[in-house]
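Below are the chains, spelled out letter by letter.
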Amino acid sequence: MYSMTGYGRGEYVKDGISLVVEIKTVNNRNLDLNCKTPRMFLALEDSIRKTVQNYIKRGRVDLFVNFSDTREKNTNIEIDMGKATAYFNASKVLAESFNLTNDLTASMLMRSPDVLIDNSITDPTEFEKIVVSTVQIACEKLNEMRKIEGEKLVSDMLSRMDTIKSLADKITLRAPEVAKEYKEKLKARIEEFLQDVKYDESRLLNEVAFYTDRVNIDEELTRLKSHVEQFRKIIEREESGKKLDFLMQEFNRETNTICSKSNDIEVTSHALALKNEIEKVREQVQNLE
């Protein structure tokens, strides 16, 4: 099981070529990959994305590529005369239209976009294997960190599942006593008010039965304990973060129902403790791939 939070770095340095790939991930519902590469590597972005997707299935991913090429090579600069002429003509029109001095110089014209063409730029596909292998190294380093973090999260969540099961067991033991105590209190109150006057005991039993049915939480407790077992099984599988996220919603639903039905301080106290544990697990689940 992997956490969605981590960092990895890959580096290639050889024969004047230096390439560094850094990758950082945080939790996200789906895979959101953002690549920040030198302009010359735009053609390689698809290969980079496919490589990353082999290692990461979910989360926000920021990938950075830094590249330098210090090899000796022949530099061949050409001039796009069409662009240069267009810039020159535009400067003349502006000068005449606004009665300005045309101070355009050759050096200024050279700095205009796309006037100079560097034919010495290397074909980016030459570096595709190097880029892909370095991205793989960064992803492997990232997954080493994510796995360590994921194992810690799993260990903590399983411990909290034990706590949730224990609290559910305490509520299970307490729940039957609630109806009994209600019957005793109601009977005592009736006798206190009516004193020696006889009353219809069947009416009392009907009222207790109605109350017992209204506060009955057996189904919720059964489902809650079942969810705990499901959680333990699902968490053993890879890439099960989304399933666990959905399961935690079911945990919350059962606990909220228990709280709404509860008319007992002890049950309410245990149910609130349950909600606290469930919320902590839910936060951690959202960081699992």
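Scroll up for the structure.
(A) Structural detail: the overall build of the protein. When its secondary structure is counted, the protein shows 8 helices and 6 strands. The linear arrangement of helices and strands in the protein, starting from the amino end, is β-β-β-α-β-β-α-α-β-α-α-α-α-α. Summarising the internal contacts of the protein: among those between residues at least 6 apart in sequence, 79% fall at separations of at least 24. About 17,600 Å² of surface is accessible on the protein, with carbon and sulfur atoms providing 50% of the total.

(B) Spatial organisation of the pairing of strand E1 (residues 6-14). Here E1 runs beside strand E2 (residues 17-26); their pairing, made up of 9 bridges, is antiparallel. Paired with tyrosine 7 across the strands is lysine 24, a residue of E2. Counting the residues in the hairpin turn of E1 and E2 gives 2 residues, including aspartate 15, whose phi is positive at 50 degrees.

(C) Inspection of the pairing of strand E3 (residues 31-36) at higher detail. Pairing analysis gives 6 bridges linking E3 to strand E4 (residues 59-69), with the strands arranged parallel. Note that in E4 the partner of asparagine 34 across the bridge is aspartate 62. Remark: the E3/helix H1 (residues 45-53)/E4 crossover connection has left-handed handedness.

(D) Up close: the packing of helix H6 (residues 218-234) against helix H7 (residues 241-261). Contact geometry for H6 and H7: axes closest at 10 Å, N-to-C directions at 160 degrees. Classified by the angle between their axes, H6 and H7 sit roughly antiparallel to one another. The hand of the H6/H7 crossing is left-handed. Residues Glu220, Leu221, Arg223, Leu224, His227, Val228, Gln230, Phe231 and Ile234 of H6 touch H7, and the partners they reach there are Lys243, Leu244, Leu247, Met248, Glu250, Phe251, Glu254, Thr255, Thr257, Ile258 and Lys261.

(E) Region of the structure containing the side chain of glutamate 220. Residue placement: glutamate 220 occurs in helix H6. Residue classification places glutamate 220 among the buried residues on the basis of a relative accessible area of 6%. Contact partners of glutamate 220, with chain neighbours within four places excluded, come to Glu254, Thr257, Ile258 and Lys261.

(F) A nonpolar patch on the surface, seen in detail. Together, Ile77, Ile79, Met81, Met110 and Leu116 give the surface a local cluster of nonpolar side chains, amounting to about 490 Å² of exposed area. Within the secondary structure layout, isoleucine 77 lies in strand E5 (residues 77-79).

(G) Representation of the sheet that holds E2. Spatially, the 4 strands line up as an open sheet ordered E1-E2-E4-E3, and their pairing is mixed. Across the chains shown, the open sheet's two edge strands, defined by having one partner strand only, are E1 and E3. Strand-to-strand twist across the sheet, computed as the mean angle between neighbouring axes with direction ignored, equals 10 degrees. Against the sheet, H1 touches E2, E3 and E4, its axis set at about 140 degrees to E3.

(H) Region of interest: the pattern of salt bridges. Considering all chains together, one arrives at 20 salt bridges under this definition. In this structure, glutamate 220 engages arginine 223 in a salt bridge whose closest nitrogen and oxygen atoms are separated by 4.0 Å. Highlighted residues: glutamate 220 and arginine 223, both in helix H6, separated by 3 residues, approximately one helical turn. Through salt bridges with shared partners, a single ionic network connects Glu219, Glu220, Arg223 and Glu254.

(I) Structural view of the environment of methionine 40. Position of methionine 40 among the secondary structure elements: in the loop between E3 and H1. Under the relative-accessibility criterion, methionine 40 is labelled partly exposed at 26%. Taking the C-alpha atoms as reference, methionine 40 lies 9.8 Å from phenylalanine 67; in sequence the two are 27 residues apart.

(J) Representation of the side chain of aspartate 245 in the model. Following the sequence through the fold, aspartate 245 ends up in helix H7. By relative accessible area, aspartate 245 is classed as buried at 12%. Ignoring sequence-local partners within four residues, the contact set of aspartate 245 consists of Arg29, Val285 and Gln286.

Definitions and cut-offs
Residues numbered from 1 in each chain as written. Predicted model: local features only at pLDDT ≥ 70, side-chain atom pairs only at ≥ 80, totals over all residues. Heavy atoms only, no water. Helix = DSSP H or I, 4+ residues; strand = E, 2+ residues; numbered from the N terminus. Contact = heavy atoms within 4.5 Å. Areas by Shrake-Rupley, 256 points an atom, 1.4 Å probe, with all protein chains shown as cover. Pairing = 2+ DSSP bridges. Right-handed = clockwise from strand over helix to strand, strands pointing away. Axes fitted to C-alpha atoms, helices over the stretch in contact; angles between N-to-C directions. Parallel < 35°, antiparallel > 145°, perpendicular 65-115°, else oblique. Left-handed = near helix turned anticlockwise from the far one by under 90°. Buried < 20%, exposed > 50% of the residue type's maximum accessible area, 1.4 Å probe, protein only. Patch = residues over 30% accessible without salt bridge, like charges linked within 9 Å, V, L, I, M, F, W, Y side chains within 5 Å. Salt bridge = Lys/Arg side-chain N within 4 Å of Asp/Glu carboxyl O.

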